[in-house]
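# Summary of the model geometry
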Amino acid sequence: MADKQFSGILNGAVPGEPVKKDENSRRGNWGNQIEFVLTSVGYAVGLGNVWRFPYLCYRNGGGAFMFPYFIMLVFCGIPLFFLELSFGQFTSLGCLGVWKVSPMFKGVGYGMMVVSTYIGIYYNVVICIAFYYFFMSMTNLLPWTYCNNPWNTPDCIGVAGTPRMNATLANVSAVVSGLTEIVNRTKRTSPSEEYWKNYVLNISDGIGNFGEVRLPILGCLAVSWVVVFLCLIRGVKSSGKVVYFTATFPYVVLTILFIRGITLEGATSGIKYYLTPQWEKILDAKVWGDAASQIFYSLGCAWGGLITMASYNKFHNNCFRDSIIISVTNCGTSVYAGFVIFSILGFMANHLGVDVSEVADHGPGLAFVAYPEALTLLPISPLWSLLFFFMLILLGLGTQFCLLETLVTAVVDEIGTDWIIKNKTYVTLGVAIVGFLLGVPLTTQAGIYWLLLMDNYAASFSLVVISCIMCICIMYVYGHKNYFKDVEMMLGFPPPLFFRICWKYVSPFIITFILIFTVIQYKPITYNDYVYPGWSLVIGFAMALSSVICIPVYALFKIAVSEGSTFLERLKNSVKPDPDWGPALQEHRKGRYATQGPESVEVCPLKTELKDEGKEKLKEKETEKKDEIGLTIPGSNGSALNPTPSA
């Protein structure tokens, strides 16, 4: 009896509450709900939380940036997160299969796959570089501490002193004052920057000059893909166990680094620089645009990962609760990481006698140059370096797990045969091998140029377009009333009024604002002083359009093959839900899904919704609600509780 109670607790139930076994034996489910939440947290909380948000915060008004940031979280982030989770959970299908809701829009799913492919390729290269730094930190002296290495140039000046300057200089204050004078005169080239450019990357002079493959980076890339494959070898059954560590330990490391950081001299100035409000920037449209963009990209909307992860949930899981928990955790982590980053950068700025803005950076510049350089000033610096890069590895892997699973699930669901489902491991292996091979060019001497090009173009405005079209399809083509009924049948209660308004009006408006802002603020990509040539920008735009173009191309194809003698008839038939649309398990196909299937699901016209539903629909809703749900009180494991009538 005790064993059964313990098993129930693991599956998200409270003691004494009956747990309904809802295992999708053909496709599989999460072992318990904690695994889904941790996996989704690991997916949403990635490298951008550490190396992008703190920089955006101090650049856009410090503490004042928090106001538009959380406004965008409430009105755009959480609603979109809930929409994607509920979409995948209702059908128990990945980012391709869910478009049975309106087959003409299946190109949106293909677009998500293309985006996830691009991100998965370059994201694992970033992880492999973190692996390399992690391995190189296993030493008594970090190799980027001094300027007396073969890869250093005469312009190198170390913050910790260097034998090249004068081995007899023992007076630390004299060294620091000398460094300060040099920093004030010229732009300092640090040993960590030269280690990054001249040794790790051995960077070429341009994006067209690939040079040679950096074998140490290639080896770490292989290690990274092997780790990802082994963690996903049994799909969500194995990755669900791994996330107990990969999703939680980064918070342990963040806390250790935070405690160490705030005890350093100058840490307070760094944190003040990070948080001091500049309220006048609230009126700057760019600040709101950055806040909206950061929320959108940070949560991983339109990548297909949220739909995929939710598709392995049990049908009655409370994904509304999960969406709030995961979204708030993601944004809270970003704020917390800012304290960790700027406490160390404040210490480094104090050591050099310069302003914090002189040492602040973002992206790879923060992760592999600025922060590692600051760590060289700490006692037992290799220990802190090991912890920092181990944290980056875990943050990256959490996202990479979901990116790979998104692609694998889409392929398996699309083919759908018993053989492919049984041999899903081979699909995972195949996708991992292809991902590794496509990542090899990014390990060359020009790899960093291509990595940044993919980051800035392949996963930028295309995500906004995909998300906007998804909202239009669900709310206005399939019909918001139909979807609200679906969510109510699944959760036991309708979506709250606030979310219904956001789904229909507010979130699409904010997404459109992000798209317009992205276009207006567009500037050709650069890397430090290097300006990308025009032909490379064409390739960048081609990558961005390759995911978006899937939508109209597939729509035209679907219309062409649909039944009908006229274009309008074919268009109407192409947007009708597929006969298989709805819950995956027969036991959940109740109400309008029980007999006639989607023929009884009204599809709203493209231009306007039907206005004659009125009272008759309200009566049907009440009848279906009684038949399908019983009592609309969600249990802690997401199941609807049907009370036993009193005697």
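Because the structure is a prediction, the values reported are computed rather than measured.

Okay, the state of the cysteines next. Under the counting rule described, the total for this entry stands at one disulfide. One disulfide bridge connects C147 with C156, the sulfur atoms lying 2.0 Å from each other. Here the disulfide of C147 and C156 is left-handed, its torsion about the S-S bond being about -65°. In terms of burial, C147 and C156 fall into one category: buried. Here C301 is not cross-linked by a disulfide; its sulfur's nearest cysteine counterpart is in C76, at 6.8 Å.

With that out of the way, let us pick up a nonpolar patch on the surface. A cluster of nonpolar side chains, contributed by F135, M138 and V223, occupies part of the molecular surface with about 260 Å² of accessible area. Mapped onto the elements of the fold, V223 is located in helix α9 (residues 215–231).

In this section: the side chain of S239. Mapped onto the secondary structure, S239 falls in helix α10 (residues 236–246). In this structure, S239 is in contact with W30, C231 and L232, ignoring residues within four places of it in sequence.

With that settled, the discussion passes to helix α8 (residues 191–200). Burial of α8 is extensive: eight of the 10 residues sit out of reach of the surface. Among the residues of α8, those classed as buried are P191, S192, E193, E194, Y195, W196, K197 and V200. N202 lies just past α8 and shows a positive phi near 45°.

A few words now on the packing of helix α6 (residues 106–136) against α8. Between α6 and α8, the shortest axis-to-axis distance is 13 Å and the interhelical angle comes to 110°. When the axes of α6 and α8 are compared, the pair comes out roughly perpendicular. Every pair of crossing elements has a handedness; the one defined by α6 and α8 is right-handed. Here I129, Y132, Y133 and M136 of α6 come into contact with α8, specifically with Y195, W196, Y199 and V200.

A few words now on the nonpolar core. The biggest cluster of nonpolar side chains holds 192 residues, and the ones touching the most others in it are Y133, W196, F368 and Y532. Ranked by residue count, the leading element in this core is α6, at 19 residues. Setting aside residues up to four positions removed in sequence, Y532 forms contacts with I207, I448, Y449, L452, L453, I525, T526, Y527 and L537.

Locating G332 in the fold gives a position in helix α15 (residues 319–352). Taking relative accessible area as the criterion, G332 reaches 36% and is therefore assigned partly exposed.

Turning to the confidence of the model for the protein, a few remarks are in order. On average, residues of the protein score 84 in pLDDT, and 84% of them reach the 70 mark or higher. Of all helices and strands in the protein, the one with the weakest mean pLDDT is helix α7 (residues 172–185) (40), whereas α9 scores best (97). This model gives residues 1–20 a pLDDT under 50, and the stretch forms 24 contacts once residues within four places in sequence are excluded. Contacts for the low-pLDDT stretch residues 604–617, under 50 throughout, to residues beyond four places or in other chains number 17 contacts.

What follows concerns unusual backbone geometry. At A302, a position not held by glycine, the phi torsion is positive, near 70°. Mapped onto the secondary structure, A302 falls in the loop between α13 (285–298) and α14 (305–310). For A302, a relative accessible area of 0% puts it in the buried group. The phi torsion at I380 lies on the positive side, around 55°, for a residue other than glycine. Mapped onto the elements of the fold, I380 is located in the loop between α16 (364–375) and α17 (381–415).

What follows covers the pattern of salt bridges. Oppositely charged side chains can form a pair if their charged atoms are brought close together. As enumerated under the stated definition, the model contains 11 salt bridges in all. One salt bridge connects K241 with E35, and the closest N-O pair in it is separated by 2.8 Å. Linking K241 in helix α10 with E35 in helix α2 (residues 33–44), this pair joins segments that are 206 residues apart in sequence. Taking relative accessible area as the criterion, K241 reaches 45% and is therefore assigned partly exposed.

Contact geometry of helix α23 (residues 534–548) with helix α24 (residues 550–561) gives a least axis separation of 5 Å together with a crossing angle of 35°. Facing S546, S547 and V548 of α23, the residues of α24 in contact are C550, I551 and P552. Here the contact of α23 with α24 is composed, by residue class, of four nonpolar, two polar and no charged.

Turning next to helix α20 (residues 447–458). Helix length check: α20, at 12 residues, gives a terminal C-alpha distance of 15 Å against a target of 16 Å (1.5 Å per residue), a fit within 8%. Listed as buried for α20 are G447, I448, Y449, W450, L451, L452, L453, M454, Y457 and A458.

Reading guide: rules and limits
- Residues numbered from 1 in each chain as written.
- Predicted model: local features only at pLDDT ≥ 70, side-chain atom pairs only at ≥ 80, totals over all residues.
- Heavy atoms only, no water.
- Disulfide = S-S within 2.5 Å.
- Buried < 20%, exposed > 50% of the residue type's maximum accessible area, 1.4 Å probe, protein only.
- Patch = residues over 30% accessible without salt bridge, like charges linked within 9 Å, V, L, I, M, F, W, Y side chains within 5 Å.
- Areas by Shrake-Rupley, 256 points an atom, 1.4 Å probe, with all protein chains shown as cover.
- Salt bridge = Lys/Arg side-chain N within 4 Å of Asp/Glu carboxyl O.
- Helix = DSSP H or I, 4+ residues; strand = E, 2+ residues; numbered from the N terminus.
- Contact = heavy atoms within 4.5 Å.
- Axes fitted to C-alpha atoms, helices over the stretch in contact; angles between N-to-C directions.
- Parallel < 35°, antiparallel > 145°, perpendicular 65-115°, else oblique.
- Left-handed = near helix turned anticlockwise from the far one by under 90°.
- Core = buried A, V, L, I, M, F, W, Y, C linked by side-chain atoms within 4.5 Å.
- pLDDT = per-residue confidence, 0-100.
- Nonpolar A, V, L, I, M, F, W, Y, C, P; charged D, E, K, R; others polar.
- Expected span 1.5 Å × (residues − 1).

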